[in-house]
Amino acid sequence: MAKLTVDDQDYDVADGNNLLHACLSIGLDLPYFCWHPCMGSVGACRQCAVKQYADENDERGRVVMACMTPASDGARISINDKQAKDFRAGVIELLMTNHPHDCPVCEEGGECHLQDMTEMSGHTTRTYDEQKRTHNNQYLGPLINHEMNRCISCYRCVRYYKDYAGGRDLDAMGAHHHVYFGRHTDGVLESPFAGNLVEVCPTGVFTDKTFSAHYSRKWDLQTSPSVCQHCAAGCNITPGERYGTLKRITNRYNADVNGYFLCDRGRFGYGFVNSDDRVTQPLARETINHADNTNSDTAIQCSTENSLTRLTQALKDPATIAIGSPRASLESNFALQSAVGESRFYRGIAPSEDTTINTLLKFQQSSCVNSASQRTIESCDAVLILGEDLTHTSPRTALSLRQTVRQRARELADEARIPFWQDAAVRELAQQEKSPLFIINTHKGDLDDIAENTYFNSPQKIARLGFAIAEQLRDKSGALSASLTPEEKEMCSTIVNALSQAKRPLIIAGASLLNEDVLNSALDVIKSLHINREEVIQAHLVVPEVNSIGLAMLTQSSAERSLSEALKQIESGAAKRLVVLENDLYQRVNPEKLDAALEKLDEIIVIDHVWHNGMAKADLIIPAASFAEGDGTVVSSEGRAQRFFATFPVNADNSSANDSWQWVNQALDNRWKNFDAIVNACAESNDLLAPIADLAPPADYRQHGLKVPRMSHRYSGRTALSANINVSEVKQPADPQTALGFTMEGSNVNAPGPLRNTAWAPGWNSNQSIHKFQDEVGGPLTGGSSGLCLFGSAESNELEFGVPSEQTSNADFSAIPFYHIFGSDELSNFAAPIAERSPQAYLALNPLDAAQLDLTQGDGATLRFENLQQVFSLTVVIRPELIRGLVGLPIGLGGLTRHLLEHSPLLEKNLAWQRVPSGRDQNVIATDQSIGLSEGLVP
Amino acid sequence: MNTAILIATVLICLLSLAALLIWLERRLLGIWQDRLGPNRVGFLGLGQVVADMIKIFTKEDWIPPFADKGIFILAPTIVVIAMLMAFAVVPFAPDTSISNLNIGLLFFLAMSSLAAYSVMLGGYASNNKYALLGSLRAAAQTVSYEVFMGLSLMGVVLLTGSFNMSDIVLAQKEHGWFVFSQFVGFIVFLVAGIAESHRLPFDLPEAEHEIVAGFHTEYSGMKFGLFFIGEYLGVALISAVITTLFFGGWLGPEFMPPLFWFCLKTFIFICFFVLLRAAVPRPRYDQLMMFGWKVMLPISLLNLLITAALTLARAS
Amino acid sequence: MLSQLRTLWTVLQHTFTKADTVEYPDVMPYLPPRYRARIVLTRDPDGEERCVACNLCAAACPVDCIALQKTEDDEGRWYPEWFRINFSRCVVCGLCEEACPTHAIQLTPDFEYCEYNRQNMVYEKEDLLISGTGKYHDYNFYRIAGKAISGKDKGQARNEEQPINIKSLLP
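Residues numbered from 1 in each chain as written. Chains lettered and ligands numbered in written order. Predicted model: local features only at pLDDT ≥ 70, side-chain atom pairs only at ≥ 80, totals over all residues. Heavy atoms only, no water.

1. Comments concerning the overall build of chain B
Here comes step 1: For chain B, the count of helices and strands is twelve helices and zero strands.
Here comes step 2: For 316 residues, the compact-globule formula gives about 20 Å, and the C-alpha radius of gyration of chain B, at 20 Å, lands near that figure.
Here comes step 3: The principal-axis extent of the C-alpha atoms belonging to chain B is close to 65 × 45 × 45 Å.
Here comes step 4: Within chain B, the proportion of its 316 residues that are buried is 55%.
Here comes step 5: Across chain B, the fraction of contacts at a sequence separation of at least 24, relative to all contacts at a separation of at least 6, is 76%.
Here comes step 6: Carbon and sulfur atoms provide 72% of the accessible area of chain B, an area that totals close to 14200 Å².
Here comes step 7: With 18 positive and 19 negative side-chain charges, chain B shows a separation of 6 Å between the mean positions of the two kinds. (Helix = DSSP H or I, 4+ residues; strand = E, 2+ residues; numbered from the N terminus. Rg over C-alpha atoms; globule rule 2.2 N^0.38 Å. Buried < 20%, exposed > 50% of the residue type's maximum accessible area, 1.4 Å probe, protein only. Contact = heavy atoms within 4.5 Å. Areas by Shrake-Rupley, 256 points an atom, 1.4 Å probe, with all protein chains shown as cover. Lys, Arg positive; Asp, Glu negative; His and termini not counted. Charge placed at Lys NZ, Arg CZ, Asp CG, Glu CD.)

Laid out in structure tokens, this is it:
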């Protein structure tokens, strides 16, 4: 603790921070632009000037920049000193000389840090009457809009984009007052974290294009605390709704998880909620007899009562089986599980994934490992990634890793006695010095540029390398290490050295390669490292979907619960009816097998919110609420259970959609009284899930007798919103399920962390206001962050892992998955801008393999699989780092699904293929990145 | 037979007069407040009376479910009946009164006191706190002001030696208008009369800024209309009685018939009632009670004492 | 007491003063241009919609009777996709006009917009938009603000220099 005196008031502040950080932490208002709690200080904007005094007797003092001055013990400063105030007013007036004064047509207006700071500094009247400098804008892709004239040259964008997120195609150009922030030429911003520029930019230079397409002001958005559904990282988000449309996603601060940043898939992938493909009414298939004696199947609208009756019948039938989903909430899965009984509930994930996730879950509960939160990840100092292309499978973790490798810089700074927040100085000091990061994978990824060493080989080989590392860590230079190539041996020992010497090593692996051996090798490394270091090892084990872990936990006690087991049940005739929960089975298993199985069923009921192939054969389709309209709990990779709350009421546009669990609940004659009841029931049913009952205050929680409002206190247009339908205002929809209300009444100022939907404080209309709700700037939220980790380290069930033998397959090729942040996720693909950023389906090959098949980059290839009818025509992409015999298939693109990886691919040249004329249009995704993917991906 | 015709005539005249008074009051208020008042319907807006009547007859006649139904319906009729009954003793012209009672004045006092029941029962039956407050106020007000209302008239009775209204008028032929000899009695009666008919400034039982509409808060339609008519009948009655007792009734120059003089004088007093409403603000309730008990009662007693003394002195 | 009598006398004197009433609708009153009644959306001097859908009127409205949705044309000009005022709620306070940064929303002296059916009091953009400039004849927001639109590129707004060539290092 240091004592700080501000305007003759004494405060206790944390040691080692700068004055700006300290002042904001104690709740004082001090304007700033360039400083960011995650990016430190550079002193570029000169806005946070305060007056510092040497001691009590010093009356003159001197003006200093608060962000560049340490808050040393006994420091005396004045914020309200006239000279400091005039200085700040002068600076803002200068910053505003070239401002285009277009706030009414600016998406940032109303939540603009520049507006707030201008007000705060007291610059209300413009006196400068000379010419304004102008800039042309750039096209930056379908996600982000560029309006350069609004820039105040704080450099936050490039500091975030380049220094923090590792992007390369945004930079500061020009000199003096001509400085321009943009790309070298028009084009899509490559970084998958570019969306954060929208929140990082203190003014409206970078704005959300998807939001602008159906724009509403911040105060008009109905928001709720929510959790991103597009991967298992569990980032906290704030969706905003108006007029029944989900308008945008913004970051919801959670110190342990996403902090201040999201990935672009999470930020811009919300389009499926507004999609025309939403199921809004129950639909039943009817066979219609035509006059000419032909029959045709038609889906017709079915009344809610009717569909409930049919669902009840199905759930009560002992010959019914149910399939859950890793993208449905715990509550929905639990409702269905208890409706049909554990013995008839199946997990609904691909068999290959099933085993890996189960192993992973078992391991996470052992005492040797701690599941690392994103914040913990950033504090590690040596990382081994085994078989994960993180940028595409868990994007937010990739962004955290870019901070992890700066641990070395932190050490160097400590040695040189430079505070870490002195960003420019620390970066200058560290130069290219990084903490060790090793990537072992099948192909190159976006994190390779910060890796100390990379190694690419077949899944089998990387698993063996993993086991070799584990072996060496246990000091057994046995058979495995001997079988490695010299190159591998060197890699192996480097990694072993780095991991054992690090203060806090981190192992990252996951289920993405759908290969049990690769995961097992990583787990073995963790175990060995645990034995080696005799401490709990930090690990982040990535799973593919938002609730993969939750689903696995829910069904852990039951033995064989995979999808193939369910298919067996159907094929054997034991199951007559099927209820599918929010799941497209065609993405999971062999469609031919599935088709055959589904034919045998008497009735198929699908509960889901968007149309997909899995609905084609359904007899009854029941509309479910999406995450934006429903409440639920999901468990992230980290094992963190988090609650998401409906952003807007489900019946906004006469839709009869409802939470999946509510459908089941109604069909069961309301077995659970309300949402809290089902959460408690779920928590009681399973020891692992017990903490979810305490995730958020119950529905009867009140502040001063009122619920926490979803609308801002400035929400406008209440009496005109629906006046075109009926001039008499309708009653505000009630929310009996949660402690949040669809209302403006009440205040969220003191809301508990899990219920905090949006941040606003007087004078702080932008997202920067979050510091008013943090214990300390950049620290946890007051009122507690949301989420509880479900992985206990109580059990010590020691798993044993078998080393895979070095077998050679007869097949020429084996398929490996390639993931894409834009394209591999089922739901985000419904969003047009995400689809625009997705590459076209392709097939990646080693150059030698390609040459053998007479294929070059951009040629067409026909892809078949053994024992499968499906045929794919795909562009060929040459990937030099791919080992011979591997075929990289982008999962989720062009109908390429996970189950295909279980089959051996057969390739031949497609002679009829029309080559796409090369030439870069504006939508080219990769340009100068090292991946070399760009060619041939052009649509 | 003649009496029957007279009753019918008076009844029709009075009821239409009550309706007309609504128009008159609104016009007069308009004039004194520099407005026009109702002038759109028919000649001088007289059609407004008809329109209002149609409206009030066709309005939904709502009895609140929580009200005491029987009494609720009964209450407004009492005031109208009592007021109309009181007119029975008013002499409109020589030998032209429905009933030339010897105790006419007492009958008038009795009838005007009966009207208090209407207000009290109405307020009670409404089962509404504002209505109850209004009726309590009305009860207290009526009881207080009735005392010296009667006393103030005793001077006139002393001078005349009769309770018969016609006798009182005729007596004024000899004595001159009693307003001169009984000026104090006149003032006290005027004030008490205003209070009895719940007119401004003494309309505290229905003071709308405090207790919504007082005793008739729950009333609507024609039942409300009866209260309304009752009030205007009250105004007409008090004016007619003032005319009779203090301004020589039908007496006047010969060139016009006696009925004309009676009507003219009554009309002037009705206008005066309206003028009071246009000009004088409402007192506080405690002020009202204090004024009644501490000022008016002593004055009326004093007046009676002096009148009696003088009468005795003259007689002896 | 005396004051009461004086009041009576004063009021009685008003019998002979002329009524102040203006006999609308027989006599139409003079309402100044700034009189606050029916709300309109005006156009700029070029005949384009002035409203840029900034939502400030809706935010300022004390009875929340304005709702609108922003959209934009191909050249980046913002305008309301729809604009709705529920006049059955409007209290003609004029705060929307004060809040409007483009002089688009204006109150006019036309107060005769009663309806028998309350639903008809809901005005959509087609009902609100007039073809003229209203009270402010010359103001054109896009000529002043720096956002480029069709017919006005960067550097053509008031007091703007031509856009910088960012490849040039000349001062």
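2. Observations concerning the sheet that holds strand E3 (residues 49-53) of chain A
Residues and elements named next belong to chain A.
Here comes step 1: The strand order across the open sheet built from five strands is E2-E1-E5-E3-E4, with neighbouring strands paired in mixed fashion. Unpaired on one side and paired on the other, strand E2 (9-13) and strand E4 (62-65) mark the two borders of the sheet. Looking at each pair of strands side by side, their axes are set apart by 40° on average, direction ignored.
Here comes step 2: The pairing of E3 with E4 spans four bridges and is antiparallel. The residue of E4 that forms the bridge with Lys51 is Val63.
Here comes step 3: Contacting E3, E4 and strand E5 (75-78), helix H2 (residues 82-95) crosses the sheet at an angle of about 155° to E3. (Pairing = 2+ DSSP bridges. Axes fitted to C-alpha atoms, helices over the stretch in contact; angles between N-to-C directions.)

3. Focus: the pattern of salt bridges
Here comes step 1: Counted under the stated rule, the structure contains 58 salt bridges over all chains.
Here comes step 2: Taking the shortest distance from any N to any O, the salt bridge between Glu603 of chain A and Arg310 of chain A comes out at 3.0 Å. With Glu603 of chain A in strand E26 (residues 603-608) and Arg310 of chain A in helix H9 (residues 304-316), this residue pair connects regions lying 293 residues apart in the sequence.
Here comes step 3: Two residues, Arg40 of chain B and Glu23 of chain C, come together in a salt bridge whose shortest N-O distance is 3.0 Å. Of this pair, Arg40 of chain B sits in the loop between helix H1 (2-32) and helix H2 (47-58) while Glu23 of chain C sits in the loop between helix H1 (2-13) and strand E1 (39-41), each in a different chain.
Here comes step 4: For Glu23 of chain C, a relative accessible area of 29% translates into the label partly exposed.
Here comes step 5: It is possible to trace a salt-bridge network through shared partners that takes in Arg159, Asp163, Arg406, Asp423 and Arg427 of chain A. (Salt bridge = Lys/Arg side-chain N within 4 Å of Asp/Glu carboxyl O.)

4. A short note on the interface of chain C and chain A
Here comes step 1: Contacts between the two partners involve 44 residues from chain C, matched on the other side by 50 residues from chain A.
Here comes step 2: In total, about 3900 Å² of surface goes out of reach between chain C and chain A, with carbon and sulfur atoms giving 50% of it.
Here comes step 3: In this structure, the connection of chain C to chain A is made through three salt bridges.
Here comes step 4: Note that Lys154 of chain C and Glu147 of chain A form a salt bridge whose closest N and O atoms lie 2.3 Å from each other.
Here comes step 5: Of all the secondary structure elements, the ones that give two or more residues to the side of chain C that touches chain A are helix H2 (56-60), strand E2 (66-72), strand E3 (78-86), helix H5 (141-144) and strand E6 (160-163) of chain C.
Here comes step 6: Per-element tally for the side of chain C that touches chain A: the top contributor is E2 of chain C, with six residues.
Here comes step 7: Each residue belonging to the side of chain C that touches chain A can be placed in one class, and the counts come to 23 nonpolar, nine polar and twelve charged.
Here comes step 8: The pairing of strand E6 (residues 132-134) of chain A with E6 of chain C spans two bridges and is parallel. Residue pairing for E6 of chain C: Lys132 of chain A is matched across the bridge by Glu160 of chain C. (Buried area = accessible area lost by both parts, 1.4 Å probe. Nonpolar A, V, L, I, M, F, W, Y, C, P; charged D, E, K, R; others polar.)

5. Points about the side chain of Arg406 of chain A
Residues and elements named next belong to chain A.
Here comes step 1: By the secondary structure assignment, Arg406 is in the loop between helix H14 (395-404) and helix H15 (407-415).
Here comes step 2: Residue class for Arg406 comes out buried when judged on its relative accessible area of 13%.
Here comes step 3: Filtering out sequence-adjacent residues up to four positions away, Arg406 remains in contact with Phe420, Asp423, Val426 and Arg427.

6. Thoughts on the confidence of the model for chain B
Here comes step 1: For chain B, per-residue confidence averages 84 on the pLDDT scale, and 100% of positions sit at 70 or higher.
Here comes step 2: For chain B, the element scoring lowest by mean pLDDT is helix H9 (residues 208-211) of chain B, at 74; helix H3 (residues 69-86) of chain B scores highest, at 88. (pLDDT = per-residue confidence, 0-100.)

7. Some thoughts on the arrangement of the chains
Here comes step 1: Here the protein chains form two pairs of chains in contact, of which the pair with the most contacts is chains A and C.
Here comes step 2: Of all C-alpha pairs spanning chain A and chain B, none lies closer than 24 Å, and the two are not in contact.

8. Some details on the interface of chain B and chain C
Here comes step 1: Of the residues lining the interface, 14 residues belong to chain B; the matching set on chain C comes to 14 residues.
Here comes step 2: Taking both sides of the interface into account, the surface hidden between chain B and chain C amounts to around 1200 Å²; carbon and sulfur atoms contribute 62%.
Here comes step 3: Ranking the residues of chain B by area buried against chain C places Trp32, Asp34 and Arg40 of chain B at the top, with a combined share of 43%.
Here comes step 4: The tally of links from chain B across to chain C stands at two salt bridges.
Here comes step 5: Seen at the junction of chain B and chain C, the total is eight residue pairs in polar contact (both at pLDDT 80 or more).
Here comes step 6: Those elements that place two or more of their residues in the side of chain B that touches chain C are H1 and helix H11 (258-279) of chain B. (Polar contact = N/O pair within 3.5 Å; in protein donor to acceptor, adjacent residues only side chain to side chain.)

9. Points about the packing of aromatic side chains
Here comes step 1: Enumeration according to the criterion identifies 38 aromatic pairs over all chains in this entry.
Here comes step 2: Ring centres of Phe865 of chain A and Phe872 of chain A lie 6.3 Å apart, and the angle between their planes is 85°; on these two criteria the pair is classed as edge-to-face.
Here comes step 3: On the accessibility criterion, Phe865 of chain A (2% relative accessible area) is buried.
Here comes step 4: Phe872 of chain A gets classed as buried once you look at its relative accessible area, which sits at 8%.
Here comes step 5: Ring geometry for Phe228 of chain B versus Tyr232 of chain B: centroids 5.4 Å apart, planes at 70°, classification edge-to-face. Here Phe228 of chain B pairs with Tyr232 of chain B, and both are found in helix H10 (residues 221-246), just four residues apart, close to one helical turn.
Here comes step 6: Relative accessible area serves as the criterion here: at 28%, Phe228 of chain B is assigned to the partly exposed category.
Here comes step 7: Here Tyr232 of chain B falls in the buried class, since its relative accessible area comes to 6%.
Here comes step 8: The ring of Phe773 of chain A carries Arg756 of chain A above its face, with NZ or CZ at 4.0 Å from the centroid. (Phe/Tyr/Trp six-rings, centres within 6.5 Å; stacked < 30°, edge-to-face > 60°. Lys NZ or Arg CZ within 6 Å of the ring centre and 35° of its normal.)

10. So, the environment of Glu196 of chain B
Here comes step 1: Position of Glu196 of chain B relative to the elements: it lies in helix H8 (residues 183-196).
Here comes step 2: A C-alpha to C-alpha distance of 28 Å links Glu196 of chain B and Val50 of chain B, two positions 146 residues apart in sequence.

11. Regarding the environment of Gln313 of chain A
Here comes step 1: Relative to the helices and strands, Gln313 of chain A resides in helix H9.
Here comes step 2: Between the C-alpha atoms of Gln313 of chain A and Leu567 of chain A, which are 254 residues apart in sequence, the distance is 21 Å.

12. Describing helix H5 (residues 129-160) of chain B
Residue and element names in this part refer to chain B.
Here comes step 1: For H5, with 32 residues, the first-to-last C-alpha span of 46 Å sits near the 46 Å given by 1.5 Å per residue.
Here comes step 2: At Glu146, H5 is bent by approximately 25°, the largest bend along its length.
Here comes step 3: Taking the backbone nitrogen of Tyr130 as reference, a side-chain oxygen 2.6 Å away marks Asn128 as the first, capping residue of H5.
Here comes step 4: At the C-terminal side of H5, Gly161 shows a positive phi close to 80°. (Expected span 1.5 Å × (residues − 1). Bend = angle between axes of the 7 residues up to and from the residue.)

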